[in-house]
Amino acid sequence: MTTANRNASGNGDGEPILSVRDLRVWYGTAKGAAQAVDRVSLDIAPGEAVGLVGESGCGKSTLGRALMGLTPQSAAHDGKIIYRGQDVLAMTRRQRHALRGPEIGLIFQEPMTRLNPLMRIDDHFDETVRAHEPGLSRAEIKRRSLETLGHVGIPPTRFHQYPHEFSGGMRQRIMIALALVLKPKLLIADEPTTSLDVLVEAQILRLLKDLQTEFGTALLMITHNLGIVAEACDRMAVMYAGRVAEDGEVGSVFANPGHPYTRELLRSTISLSTKQLSHIPGSPPNLVTPPDGCRFHPRCPDAMQVCAQKVPVATHPRPGQRVYCWRHGPDDRIPDGGEQPLQQEFDHVDEA
Amino acid sequence: MAAPDDSRVPRRPGLLGRQFRRVSGPIKESRGLPRVVLWIGTAITGMWVLVAIFAPWIAPYGYAQYQTAAGERFPKHLPPNMDHLLGTTVQSTDVFSRIIWGARTEVEVVILAVLFSLAIGLPVGLISGFKGGWLDRVLVLIMDALFAFPYLLLAIVIAFLLSDVLASGVLTAAIAISVVYVPQYFRVVRNHTISVREEPFVEAARAMGARPRWIVTKYVFANVVQSVPVVATLNAADSILTLAGLGFLGYGIQPTQGAEWGYDLQRAIADAGAGIWWTGLFPGIAIVSLVTGLTLLGEGLNDVLNPLLRPRRTEPVKFPDKQDDGAETGRTQPEQRGKS
Amino acid sequence: MSTKPDRSTKPEAAPAQPAATGRPDGDTSTPLLKLDELKTYFPLRGTFLDRLIGRESGWIKAVDGVSLDVKRGEVVGIVGESGSGKSTLGRTLLGLAPATSGAVTFDSRNVAALKEPQLRQLRLRMQLVFQDPHASLNPAMDLRTAIADPLKIHGITHDPDDLDRRVREVLEVVGLSPPERFLDNYPGELSGGQKQRAVLARALILNPDLLVLDEPVSMLDMSVRAKILSLLGRLKDELGLTYVYITHDLATAKFFCDRIAIMYLGRVVETGPPSAIYDDPKHPYTKALLRAIPDPDPSRHVPRDLPRGEVPDAVNPPLGCAFHPRCSMAYGPCGWEGRDLRELLERRWTRIPEEQYERERAVIGELARIDMPASRVEVPAGKGYQGGDVVELLETVRADAPNDPFWHGVHAIQAEDGHARVDFNTPHDPVLKQQGRVQVACHLWDPELAPRDGPAAASGGDGRDRAQQ
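Residues numbered from 1 in each chain as written. Chains lettered and ligands numbered in written order. Predicted model: local features only at pLDDT ≥ 70, side-chain atom pairs only at ≥ 80, totals over all residues. Heavy atoms only, no water.

### What to know about helix α6 (residues 151–163) of chain B
Residue and element names in this part refer to chain B.
Here is step 1: Relative to the 18 Å expected for 13 residues at 1.5 Å per residue, α6 spans 18 Å between its end C-alpha atoms, a close match to the ideal helical length.
Here is step 2: Leu154, Ala155, Ile156, Ile158, Ala159 and Leu162 are the residues of α6 that are buried.
Here is step 3: Taken together, the buried residues of α6 touch α5 (133–148), α7 (169–197) and α10 (228–249). (Helix = DSSP H or I, 4+ residues; strand = E, 2+ residues; numbered from the N terminus. Expected span 1.5 Å × (residues − 1). Buried < 20%, exposed > 50% of the residue type's maximum accessible area, 1.4 Å probe, protein only. Contact = heavy atoms within 4.5 Å.)

### Re the pattern of salt bridges
Here is step 1: Considering all chains together, one arrives at 63 salt bridges over all chains under this definition.
Here is step 2: A salt bridge links Lys60 of chain A to Glu191 of chain A; its shortest N-O distance comes to 3.8 Å. Here the residue Lys60 of chain A occupies a position in helix α2 (residues 60–67), and Glu191 of chain A occupies one in the loop between β7 (186–190) and α8 (198–215), the gap between them amounting to 131 residues.
Here is step 3: By relative accessible area, which is 6% here, Lys60 of chain A ends up buried.
Here is step 4: With relative accessibility at 8%, the residue Glu191 of chain A sits in the buried group.
Here is step 5: The partner of Asp162 of chain C in a salt bridge is Arg166 of chain C, with the nearest N and O atoms 3.5 Å apart. A residue pair is termed a helical-turn pair when its members lie 3 or 4 positions apart in one helix, as Asp162 of chain C and Arg166 of chain C do in helix α5 (residues 160–173) at four residues. Considered together, Asp162 of chain C and Arg166 of chain C belong to a single accessibility category, that of buried residues. (Salt bridge = Lys/Arg side-chain N within 4 Å of Asp/Glu carboxyl O.)

### Focus on the sheet that holds strand β13 (residues 419–424) of chain C
All names here are of chain C.
Here is step 1: Judged by pairing direction, the sheet is antiparallel, and its three strands sit side by side in the order β11-β13-β12 without closing on themselves. At either end of the open sheet lies a strand with only one pairing partner, and these are β11 (376–380) and β12 (410–416). For this sheet, the mean inter-axis angle between neighbouring strands, taken without regard to orientation, is 20 degrees.
Here is step 2: The pairing of β11 with β13 spans five bridges and is classified as antiparallel. By the bridge assignment for β13, Val377 is matched with Val422.
Here is step 3: Packed onto the sheet, helix α14 (residues 387–400) meets β11, β12 and β13 and runs at close to 150 degrees relative to β12. (Pairing = 2+ DSSP bridges. Axes fitted to C-alpha atoms, helices over the stretch in contact; angles between N-to-C directions.)

### Here we look at the sheet that holds strand β8 (residues 218–223) of chain A
Residues and elements named next belong to chain A.
Here is step 1: The sheet built from eight strands is open, its strands ordered β6-β7-β8-β3-β9-β10-β12-β11 with mixed pairing. Lying at the two open borders of the sheet, with one neighbouring strand each, are β6 (104–107) and β11 (314–318). This sheet shows a mean twist of 20 degrees between the axes of neighbouring strands, independent of strand direction.
Here is step 2: Pairing between strand β10 (residues 243–249) and strand β12 (residues 321–324): three bridges, direction antiparallel. The partner of Asp247 across the bridge, within β12, is Arg322.
Here is step 3: The sheet contacts of α2 involve β3 (49–53), β6, β7, β8 and β9 (235–240), and relative to β8 the element is tilted by about 150 degrees.
Here is step 4: The sheet strands contacting α8 are β3, β6, β7 and β8, and the helix crosses β8 at an angle near 155 degrees.

### Regarding the packing of aromatic side chains
All names here are of chain A.
Here is step 1: For the structure shown, the criterion picks out 20 aromatic pairs over all chains.
Here is step 2: Seen in terms of ring centroids, Phe125 and Phe159 are 6.3 Å apart; in terms of plane orientation they differ by 50 degrees. Their pairing is tilted. Here Phe125, found in helix α5 (residues 121–132), pairs with Phe159, found in the loop between α6 (138–152) and α7 (168–180); they are 34 residues apart in sequence, far enough to count as distant.
Here is step 3: Its relative accessible area of 4% is what places Phe159 among the buried residues. (Phe/Tyr/Trp six-rings, centres within 6.5 Å; stacked < 30°, edge-to-face > 60°.)

### Here we look at the interface of chain A and chain C
Here is step 1: Contact with chain A, which involves 59 residues of that partner, is made by 55 residues of chain C.
Here is step 2: Here chain A packs against chain C, burying approximately 4,800 Å² in sum over the two surfaces, 61% of which is carbon and sulfur.
Here is step 3: The interface formed by chain A and chain C includes 14 residue pairs in polar contact (both at pLDDT 80 or more).
Here is step 4: Secondary structure elements with two or more residues in the side of chain A that touches chain C: α6, α7, α8, α9 (226–232), α10 (250–255) and α11 (260–268) of chain A.
Here is step 5: Of all the elements, α8 of chain A adds the most residues to the side of chain A that touches chain C, at nine residues. (Buried area = accessible area lost by both parts, 1.4 Å probe. Polar contact = N/O pair within 3.5 Å; in protein donor to acceptor, adjacent residues only side chain to side chain.)

In structure tokens, the structure reads:
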């Protein structure tokens, strides 16, 4: 592993539980191949919480799914996803199936669509546990299920009820319990709180955080909400148009955003402390014909000539922080005159 | 005051034109089996429509003609030959000519029947679905009763009732058939209207101050009418069979008013036992081919227009930099991204 | 802020107001919109049998007595979670949902009492912007037709050139420029932000006075939200609009609103200027909401002391204060009842080992019998147990967590034959009372009910003044 790779995983203690190397997932559309994930590298250490942020259509969900070996049928993929020494993309279907659940758990945005309305909660647990641990006795399954449900705050009196008898937040708790009952080492949560109210959202985030600490589970939280990342994650990666723009410790990225996109995204986020509205001009590119060079350059206030020509390389402006932006060099890779500011012909038509 | 350069405002297609564009777009984009099905259906149906239009020029004889212009009677039960390509019937009429003229009858009746049932089913379905309440319940009850009634029996009853009132057999048959199919249009349009009615853009139109009539015509109709082409084509196929059934039972087009395949089939029953195959086989083939053509057309349209069934047009994705080597071992370092 | 800017500053697109709506010009003392004890209930669809025998199966009390003033040029925020009734409130004040009782006075006319044809006239002046811009545009209409449609609906003009000119102008106003690029687009061809701009254009082409914005930015991406919000702010100043801004997002409301009303389960629990509400929230619910908003500040962590559970069912709202089952500050008069006891027991049972749960569960009979909105419940004993056993269990539960707010509400527990009777304190409905710069509906601020050491006692007696609506 190169230094770059090692630095990519923030707290350098131990092997990462999951490393993504140069991953590309392009899927077919009517207009051509959409470069949903394009040469992404990322590490997740055991027990750490990583936030993956980006706007809709930046490829963060495609990446999350690819990590579990779930890519769209028409997609081509390339690169490596190493989970505890094994390449997920090179696995057989059967191996990948065995991975999902006991090793990597997944929590979706819409809990109701993932629960079978005709099955009681106990049946859901029964099915899930049996699929991966066929030898377990009924009593043992029940004990484990109730214990996990207790952790997420679902009373045992409701074990035999149907999904429709639960509220939205309760269903998400049940989904979390269903993922945790198999004791996965990595939990991927794809916008787990988007459809929930702010109080319930905070409850679920608190719950995920507590469970993550208690079980030592690594967590990849895919979200568009920077607030969630700030409060619930240790490290974060910012995606823009299929690529990672920046990653690093949450504290240092928020304090010193290295990539202009991260900085502008932080500035445009409306929070209780917002005094002045700010926004990023233009709108995200379509992934079929992304801009050359740095994909953010047409909207970037700091763009230089080189940004429109060459794809930026990884730089490490601070320990544990990786930034793909020519502003941070390396100078020897920038051609002569490349540092001249780019004349932006800003097209108002593309204003979102 | 119009700006001086307002002339560049392009002429825009009207509502029908825009609807056509919404339908034709997906057809042009369609791929694979649905496209094949659609084109085969269109070809067969189109052929029969052309035959119907040009019947007087194609058919060598009249549909009821049993003798030459000179008054020489055709032989009965003549097997196919050069003078009578598909042979003659027990009444000495020319089978080929009757099939060609029959196509005209079928197409006329089907077009009229589709228009009639659309003219009733579409507005009634729209109103029923949009208004809801007791009106909807009553209409659904009536339509379900009609639907539950055996369709051939219903058509016979209507045809029987109308036969004394209307002189035209084509019109009578068309009305009888439309009564059978109105409930289907009604159901499709009503159910679709109910789902569209709940869309926020309908409430938005209310919030703009639109009258119900305006909402139905401008907001609901255009979103409901898309389901009609498919239902219409499939029903057209079905109504050929109903028309043939009516003719077979003697309640359809009277032999003096036009040629009709179902009637011909009925007359050919006795022939079959005597080894005279051509009087029955060819009208039968005609019915089967037109019904098949329309069904394929309908199914093809359904696959193409229904976004849930429509397979995404996807080309296999290739990475531009990976023509030859599949393994890609040396590219694990992010630093090399700049090369692409 | 409250005076309407000169109309001549508006773009020419502004159609002449019909004289019939006689606008009291320059009058700033009467609010543009006034809600008075507004209630919107929806009948609950019962079973087929219920409807057959005409039995009423209950009401969903979506809006349950809301009073509010909206002055000209003001932005009033209605903030609440889903199920708070905020969207129904917005639809009621436009006459899109029928009010059950109370009044909505818009420019001295009671919207709630108007019939559909009169409402249509009024809609020239009040417009709605929906949460989902995609769904609120007709997919079968291009922008030119969609945006011109309100003009045709109200018969303002049918002249194609005039329509074209006005549509172009309003597209420029909302920032969809040059208009030629957008006129012939269908909604499916636009981005989320562009669609919301188109929806705004459609609402503005009638030159309304009042816009009800129902979560106008919550479906948009973060980087687009700020753009649409600043557009809304600019339009308000340029066109002299008044907004009712409905949202679940306290952060945008803080930035955008002149006054805020926090709703919970159909009622306003706290209302006042944002500076007062955000700096010194009075109602425990407001406090909880403010704490729960994820803040992009890594030094903060997800809070621990969050209200439990979720917004209850509006068919049978909790007795007393609707928020009391989730409130950490709740005490005696807040409306404790049978359902709270069940919740207390279930909460306990998630925390104890399975065997202990099985033991305790057996002591109590059917849980459904205590699961009711009543201030006195009989807790049935399980098979082989007596009322005394139930009392004993309840006392154990109390001893394990004596500080749970629930126990403040319990007046007495008595063993009776086959069950234990639990009497709760009399529930009191909180009403909005002036408290400094805000009005708050919470017993903690009511000197008559508040505990000795509560905040009301400290802040003097002005809490007695009944809310002036």
